[in-house]
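Commentary on secondary and tertiary structure
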Amino acid sequence: MAPVADRISYSYQQHGVTIQDPYNWIRDPEYPVVNDAAVLDYLNAENAYYHAFLDQHTKLVDTLFEEFKGRVDESETSVPYEKNGFVYRWEYRQGANYPTYLRRPIDGTEEVVLLDVPALAEGYEYFVVGEWVVSEDNRYLAYSVDTNGDEAYDIFIRDLQSGQLLQDKLVGTGGDVLFAANNQLLYPKLQNEKWRVESINLHTLGTDQGSDTALIREEDEGFFLSAELLSSGEWIAFSSGRGEVTELHVVPASQPDASLTKLVSREQGFKADVDHGNGYFYLLANDTHVNGRLVRVKQTEADYANWETLIAGSDNTYLRYLQTFKDFLALQLRDNGLDQIRILPNAGAAYDIDFPEPVYTANLGTNPQFEQSHLRLSYESMITPDTVYDFDLGSQALTIRKQQNIPSGYNSAQYVTERVMVPVRDGVQVPVSLVYKKGVVKDGTAPMWLYGYGAYGAGMSPSFSTTRLSMLDRGFVYALAHIRGGDEMGYQWYLDGKLDKRQNTFNDFVDVAKWLASKGYTSEGNISISGRSAYGELMGAVTIQAPELWRSVTLGVPFVDVMNTMLDASLPLTPPEWEEWGNPLESERDFHTMLAYSPYDNIEKRAYPPMMVTGGLNDPRVTYWEPAKWTAKMRALKTDDNLLIMRMNMGAGHFANSGRYGRLRDYAEEFAFMLVAHDIHQ
């Protein structure tokens, strides 16, 4: 029998409005410690109810899991790359949940294990290596580890000559790590009890962490601070960003504690990214056009007044990422919503790389050396598995270095992919990428899985998925809606889905679903939807807005208690999130905008589709009580008998299981829920 959460009277007022929240008690007042007996009892009861559902469908879950495993290359290895005299690669050893990292001298054959993650992970329910890096003299390895999902990492340093760990252990860090000159280590230090980087600290090997120096601090809780070694290896950049505003400082890598040079101030009010090469800083900045321009400035005259425009801003071309090399620049961009990689040689005309399909995803790959004659790229489409290309700058030829191996077999000719433009209610054309198996008839009978994101300017490019094949082979049409709030069609596409325009995101998704049904790809009420985090918020909003459209809804670590979270400045991510969603504490307009769409606050007595909800007890991004409160309130108010289950991971955070097989088991459970909702049991 489904758990019934207690209702305990609680209300609060804001801008003259009183809001009742009888499930407020599910938030443990001692958080981030969760030891309230009533809270734990409720979460455990929900997990027991969830496992009762699993017990009924063990065969289907196991079938899916075996299908997923059958598509995994058990002994997968990466394409090797060269860096600073060594050749590096990773591999998965037979049956391993985690990769092993190895290296050998360029002129040698003896390969040694650099980082044995399977051995390090033994005994841990959750284990993630955040980042690892080797010092410039090739002697030391630094790596960061999170063992409970709260995204507070410990950093360890190993002497690669002796193989021994140093006594140095840096705790409470953000997970990033980089070496400067003289083997000094830079890392982000987290503020106590808050999930935010308060400073970038400098650590000298062999000293106590308490004596580390803060190179730069961030006092504004709304800004995220990070550090990066630029491509030339000569400079370190400190970036502090909030939404549409970036502040950039640089310092010589040979002297990280020198005075900082400011390239961009937050008062200028625009976004910018920087790289360095051949005596110049190169920046992508949206100061003159929302889609950005490419500029350069001499490192000796690094003042905004001296910026030289190399590529002006354009309505059709959205500049996204830059990497510098000795003889060329590489730009990752979108032209009219389609991925492109552009080469800008130091001598000669710029050109775009030609790829074999009209719609695809292409990104800059692993290119750690400043001086190289090729560019490594990653490429995929909805029917082409993940592919590693090397692009030769001389011949301008693409060479496949690796394509994802699917041991159980895959034939792209069995599948069809399309890109359609869908008119939505305000006249905008929203692109949608589709894939389905040949033979699907567009008569409205096919089940559909509709996906999207629509937040933070995180565009969703058409990509390949081995797990998705299990749904396509069972007759599903998979649709990826490139809704506003992402940046698929340029930076303005993102701006048109945030703050007071947030409703556009939800409307786009609903209108795409209706249009696809009207064209026979599926039918209303035969569409399953799923999403995590901010897309979990989208899932909640469209479930409230148009419940009749959905056959099932999967809400992964969903940001659904929008109003309570955005009113709570004590939560580590709330101040930075005001830039994305609005600040209901200060703005009455923002308050009413959020209250109108906040999924948790708009649950009412009516019928809703089957739902699966997931959460993580240690999640610092979407706190555990958001999915738990949604589940409790939804179960109390919904008037149907449709299934509502919640899986609360009691030992992990935002990213659930950490090993590759653990994640596949999670996916198998989620897919099984979706299939059962469509009355497919095998």
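Above this text sits the structure in question.
In this report, the structure presented in the accompanying data block is examined. (Residues numbered from 1 in each chain as written. Predicted model: local features only at pLDDT ≥ 70, side-chain atom pairs only at ≥ 80, totals over all residues. Heavy atoms only, no water.)

**Things to note about the overall build of the chain**
The condition that has to hold: Secondary structure elements follow DSSP: runs of H or I no shorter than four residues count as helices, runs of E no shorter than two count as strands, and numbering proceeds from the N terminus. Computation of the radius of gyration draws on C-alpha atoms alone. For the globule rule, the value is 2.2 Å times the number of residues to the power 0.38. In what follows, residue pairs with any heavy atoms lying within 4.5 Å of each other are defined as contacts. Accessibility throughout is a Shrake-Rupley quantity obtained with a 1.4 Å probe, and a residue counts as covered only by protein chains that appear here. For the purpose of charge, His is not counted, nor are the chain termini; Lys and Arg are scored as positive and Asp and Glu as negative. Charge placement uses NZ in Lys and CZ in Arg. For Asp and Glu, CG and CD serve respectively.
Along the backbone of the chain there are twelve helices and 38 strands. Its C-alpha radius of gyration of 25 Å places the chain within 12% of the 26 Å reference for a compact globule of 682 residues. A principal-axis box enclosing the C-alpha atoms of the chain has dimensions of 65 × 55 × 50 Å. Pairs at least 24 residues apart make up 55% of the contacts formed inside the chain by residues separated by at least 6 positions. Total accessible area on the chain stands at roughly 27,300 Å², and carbon and sulfur atoms take up 45% of it. Computing the positive centroid from 58 side-chain charges and the negative centroid from 95, the chain places the two 4 Å apart.

**Looking at helix H10 (residues 588-597)**
The criterion, for reference: Summary of the burial criterion: residues with accessible area below 20% of their type's maximum are buried, those above 50% are exposed, and those between are partly exposed, where the area comes from a 1.4 Å probe applied to protein chains only. Directions drawn from the helix axis to the C-beta atoms are what define this arc. Under this definition, polar contacts are N or O atom pairs within 3.5 Å; protein pairs additionally need one hydrogen-donor-capable and one acceptor-capable atom, and for neighbouring residues in sequence, both atoms have to be side-chain atoms.
Taken as a whole, H10 has its buried residues at Asp 590, Phe 591, Met 594 and Tyr 597. One side of H10 holds all its buried residues, which, seen down the axis, span an arc of 145 degrees. Facing away from the buried surface of H10 by more than 90 degrees, the exposed residues are Arg 589 and Ala 596. Of the surrounding secondary structure, the elements contacted by the buried residues of H10 are strand E1 (11-14), strand E2 (17-20), helix H6 (503-518), helix H7 (534-545), helix H8 (562-566) and helix H9 (574-581). For H10, the N-terminal cap is Ser 587; the gap from its side-chain oxygen to the backbone nitrogen of Arg 589 is 3.4 Å.

**Here we look at the packing of aromatic side chains**
Rules: Between 30 and 60 degrees the pair is tilted, below 30 it is stacked and above 60 it is edge-to-face, where a pair is any two Phe, Tyr or Trp rings, Trp via its six-membered ring, whose centres lie within 6.5 Å.
One pass over the structure, following the stated rule, counts 38 aromatic pairs. Ring geometry for Tyr 98 against Phe 127: centres 6.2 Å apart, planes inclined by 80 degrees, an arrangement best described as edge-to-face. Highlighted residues: Tyr 98 in the loop between strand E4 (86-91) and strand E5 (100-105) and Phe 127 in the loop between helix H3 (117-121) and strand E7 (128-134), separated in sequence by 29 residues. Take Tyr 98 and Phe 127: they sit in the same class, and that class is buried. Taken together through their ring pairs, the aromatic side chains of Tyr 81, Phe 86, Tyr 88, Tyr 101 and Trp 132 make up a single cluster.

**A short note on the side chain of Ser 232**
On the secondary structure map, Ser 232 appears in the loop between strand E15 (224-229) and strand E16 (235-242). One polar contact links the side chain of Ser 232 to the main-chain amide nitrogen of Glu 234, over a distance of 3.2 Å. A distance of 2.7 Å separates polar atoms of two side chains, one belonging to Ser 232 and the other to His 276. Sequence-distant contacts of Ser 232, that is, excluding residues within four places in its chain, are made with His 276, Gly 277 and Phe 370.

**Comments concerning the sheet that holds strand E25 (residues 338-345)**
What counts is decided by this rule: By the convention used here, strands pair only if DSSP detects at least 2 bridges between them.
Taken together, four strands build an open sheet; the order of strands is E23-E24-E25-E26 and the sheet is antiparallel. Taken across any chain shown, the strands that pair with only one partner, and hence form the sheet edges, are strand E23 (317-324) and strand E26 (351-352). Strand direction decides the pairing type here: strand E24 (residues 328-335) and E25, joined by eight bridges, are antiparallel. Counted as the bridge partner of Asp 335 is Leu 338 from E25.

**Concerning the sheet that holds strand E18 (residues 261-264)**
Formally: To get an axis, fit a line to the C-alpha atoms, keeping to the stretch in contact for a helix; angles then go from 0 to 180 degrees between the N-to-C directions.
Ordered by their spatial adjacency, four strands build an open sheet running E15-E16-E17-E18, and the pairing between neighbours is antiparallel. Unpaired on one side and paired on the other, E15 and E18 mark the two borders of the sheet. Mean inter-strand twist for the sheet, computed between neighbouring axes without regard to direction, equals 25 degrees.

**Section: the environment of Tyr 23**
Inspection of the secondary structure assignment puts Tyr 23 in the loop between E2 and helix H1 (37-56). Separated by 409 residues in the primary sequence, Tyr 23 and Val 432 place their C-alpha atoms 38 Å from one another. The contact partners of Tyr 23, leaving out residues within four places of it in the chain, are Ala 5, Asp 6, Arg 7, Tyr 600, Lys 629, Ala 632, Lys 633 and Ala 636.

**Description of the nonpolar core**
This is how the line gets drawn: Among the buried residues, those of types Ala, Val, Leu, Ile, Met, Phe, Trp, Tyr and Cys that are joined through side-chain atoms within 4.5 Å form a nonpolar core.
Counting residues in hydrophobic clusters, the biggest one holds 78 residues, and the most contacted among them are Leu 450, Phe 509, Leu 516, Trp 550 and Tyr 624. Phe 65, Met 382, Leu 469 and Leu 480 belong to the second largest nonpolar core, which has 34 residues in total.

**Considering the side chain of Thr 543**
Looking at the secondary structure, you find Thr 543 in helix H7. Among the polar contacts listed, one links the side chain of Thr 543 to the backbone oxygen of Met 539, at a separation of 2.6 Å. Ignoring any residue separated from it by four or fewer positions in sequence, one finds Thr 543 in contact with Trp 550, Val 553, Tyr 608, Pro 609 and Met 611.

**Notes on the environment of Leu 54**
The residue Leu 54 is located in helix H1 in this model. According to the relative accessible area criterion, Leu 54 is buried, its value standing at 11%. Separated by 619 residues in the primary sequence, Leu 54 and Phe 673 place their C-alpha atoms 8.8 Å from one another. Once residues within four sequence positions are removed from consideration, Leu 54 is found in contact with Val 61 and Glu 669.

**Section: the pairing of strand E35 (residues 527-532)**
Counting buried residues in E35 gives five out of six residues, a clear majority hidden from the surface. Pairing of strand E33 (residues 448-451) with E35 involves three bridges; the strand directions are parallel. Pairing of Leu 450 across the sheet is with Ile 529, part of E35. As paired elements, E35 and strand E36 (residues 550-556) share six bridges and run parallel to each other. Note that in E36 the partner of Ile 527 across the bridge is Trp 550.

**A closer look at unusual backbone geometry**
With omega at 20 degrees, the peptide bond leading from Tyr 31 into Pro 32 counts as cis. Along the chain, Pro 32 falls in the loop between E2 and H1. In the Ramachandran plot, Asn 84 falls in the positive-phi region, its phi being about 55 degrees despite a non-glycine side chain. If you trace the backbone, Asn 84 turns up in the loop between strand E3 (81-83) and E4. Residue class for Asn 84 comes out partly exposed when judged on its relative accessible area of 31%. Notably, Asp 679 is not glycine yet its phi reads approximately 60 degrees, a positive angle. Structurally, Asp 679 can be placed in the segment after helix H12 (660-677).

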